[in-house]
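Per-entry structural report
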Amino acid sequence: GFGLGAVADAWKSAAKRLKGADHLVTGGPYIFLRHPNYTGELFGWLASFAAAVAAAGPGRLRPWLALSAVGAAGITFVLAGEAAAGLEKKHREKYGGDPAYEAWVKRTWAGPVLGGGAPPPRRVANEFERVAWSGGVFP
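Notes on the structure follow. The structure presented is a predicted model; accordingly, all values stated were derived computationally and were not measured.

**Side note on the overall build of the protein chain**
- Within the protein chain, the regular secondary structure consists of five helices and zero strands.
- Taken from the N to the C terminus, the helices and strands of the protein chain come in the order α-α-α-α-α.
- Expressed as a percentage of its 139 residues, the buried residues of the protein chain come to 27%.
- Partitioning the intrachain contacts of the protein chain with sequence separation of at least 6 by distance along the chain shows that 68% fall at a separation of at least 24.

Structure (structure tokens):
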């Protein structure tokens, strides 16, 4: 998990350095996952918690496991909620409508995302409709 996150961060940094800060990274681990860094980190933390549960077994460590469960839940809400859902929304606002982005979204998994983020962009029939709906209600 943590290895996936590290590789994804390095890949994204290299791609942005070579192709510019606004480049949508879709190669490397991003071929399969839209947020491999968050997904990898979340899986790493949850695997760590599972290992602690397996190692502790029954006994006096249960209160500590309960606190660890609270920590695992907290990191899940941060990574799958705020981080991944927020980035989904940001990507949709920045790249929505771009055919390359839409194809990437269709073929990849966002990883665990709580709250689902914003709904997908509404398809616009023509330029008149785009202008007519360009107020605050247009996604």
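**So, the side chain of Thr39**
- Within the element layout of this structure, Thr39 appears in helix 2 (residues 36-56).
- Reaching out from Thr39, the side chain makes a polar contact with the backbone oxygen of His35 at a distance of 2.9 Å.
- Beyond its immediate sequence surroundings of up to four residues, Thr39 is in contact with Leu33, Trp109, Ala110, Gly111 and Pro112.

**Some words on the pattern of salt bridges**
- Within the structure shown, the criterion is met by three salt bridges.
- Notably, a salt bridge pairs Arg34 with Glu88, separated by 2.9 Å at the nearest N-O pair. Of this pair, Arg34 sits in the loop between helix 1 (2-19) and helix 2 while Glu88 sits in helix 3 (residues 62-95), and the two are 54 residues apart along the sequence. Residues Arg34 and Glu88 agree in their burial class; the two are buried.
- The salt bridge involving Arg92 is made with Glu88; its shortest N-O contact spans 3.5 Å.

**Thoughts on a nonpolar patch on the surface**
- The grouping of Phe43, Leu46 and Trp109 at the surface amounts to a nonpolar patch, some 290 Å² of accessible area in total.
- The class for Leu46 is partly exposed, based on a relative accessible area of 33%.

**Focus: the packing of aromatic side chains**
- Taken as a whole, this structure holds three aromatic pairs when the rule is applied.
- Taking 6.2 Å as the distance between ring centres and 50 degrees as the angle between the ring planes, the aromatic pair formed by Tyr101 and Trp104 counts as tilted. Highlighted residues: Tyr101 and Trp104, both in helix 4 (residues 99-107), separated by three residues, approximately one helical turn.
- Relative accessible area serves as the criterion here: at 3%, Tyr101 is assigned to the buried category.
- By relative accessible area, Trp104 is classed as buried at 0%.
- Cluster of aromatic residues (ring-pair linked, three or more members): Tyr95, Tyr101 and Trp104.

**Digging into the nonpolar core**
- If you look at the biggest cluster of nonpolar residues, it comprises eight residues: Ala8, Ala15, Leu24, Val25, Tyr30, Tyr95, Tyr101 and Trp104.
- Broken down by secondary-structure element, the contributors of at least two residues to this core are helix 1 and helix 4.

**With respect to the packing of helix 1 against helix 2**
- Following both chains from N to C, one finds helix 1 and helix 2 inclined at 160 degrees, their axes separated by 6 Å at the closest point. Of the possible angle classes, the one that applies to helix 1 and helix 2 is roughly antiparallel. Regarding helix 1 and helix 2, the two cross each other, and that crossing is left-handed. When helix 1 is examined against helix 2, the residues Phe2, Leu4, Gly5, Ala8 and Asp9 are found in contact with a partner set consisting of Pro36, Asn37, Gly40, Glu41, Gly44 and Trp45.
- Taken together, the residues of the contact of helix 1 with helix 2 sort by class into five nonpolar, four polar and two charged.

Basis of the calculations
Residues numbered from 1 in each chain as written. Predicted model: local features only at pLDDT ≥ 70, side-chain atom pairs only at ≥ 80, totals over all residues. Heavy atoms only, no water. Helix = DSSP H or I, 4+ residues; strand = E, 2+ residues; numbered from the N terminus. Buried < 20%, exposed > 50% of the residue type's maximum accessible area, 1.4 Å probe, protein only. Contact = heavy atoms within 4.5 Å. Polar contact = N/O pair within 3.5 Å; in protein donor to acceptor, adjacent residues only side chain to side chain. Salt bridge = Lys/Arg side-chain N within 4 Å of Asp/Glu carboxyl O. Patch = residues over 30% accessible without salt bridge, like charges linked within 9 Å, V, L, I, M, F, W, Y side chains within 5 Å. Areas by Shrake-Rupley, 256 points an atom, 1.4 Å probe, with all protein chains shown as cover. Phe/Tyr/Trp six-rings, centres within 6.5 Å; stacked < 30°, edge-to-face > 60°. Core = buried A, V, L, I, M, F, W, Y, C linked by side-chain atoms within 4.5 Å. Axes fitted to C-alpha atoms, helices over the stretch in contact; angles between N-to-C directions. Parallel < 35°, antiparallel > 145°, perpendicular 65-115°, else oblique. Left-handed = near helix turned anticlockwise from the far one by under 90°. Nonpolar A, V, L, I, M, F, W, Y, C, P; charged D, E, K, R; others polar.

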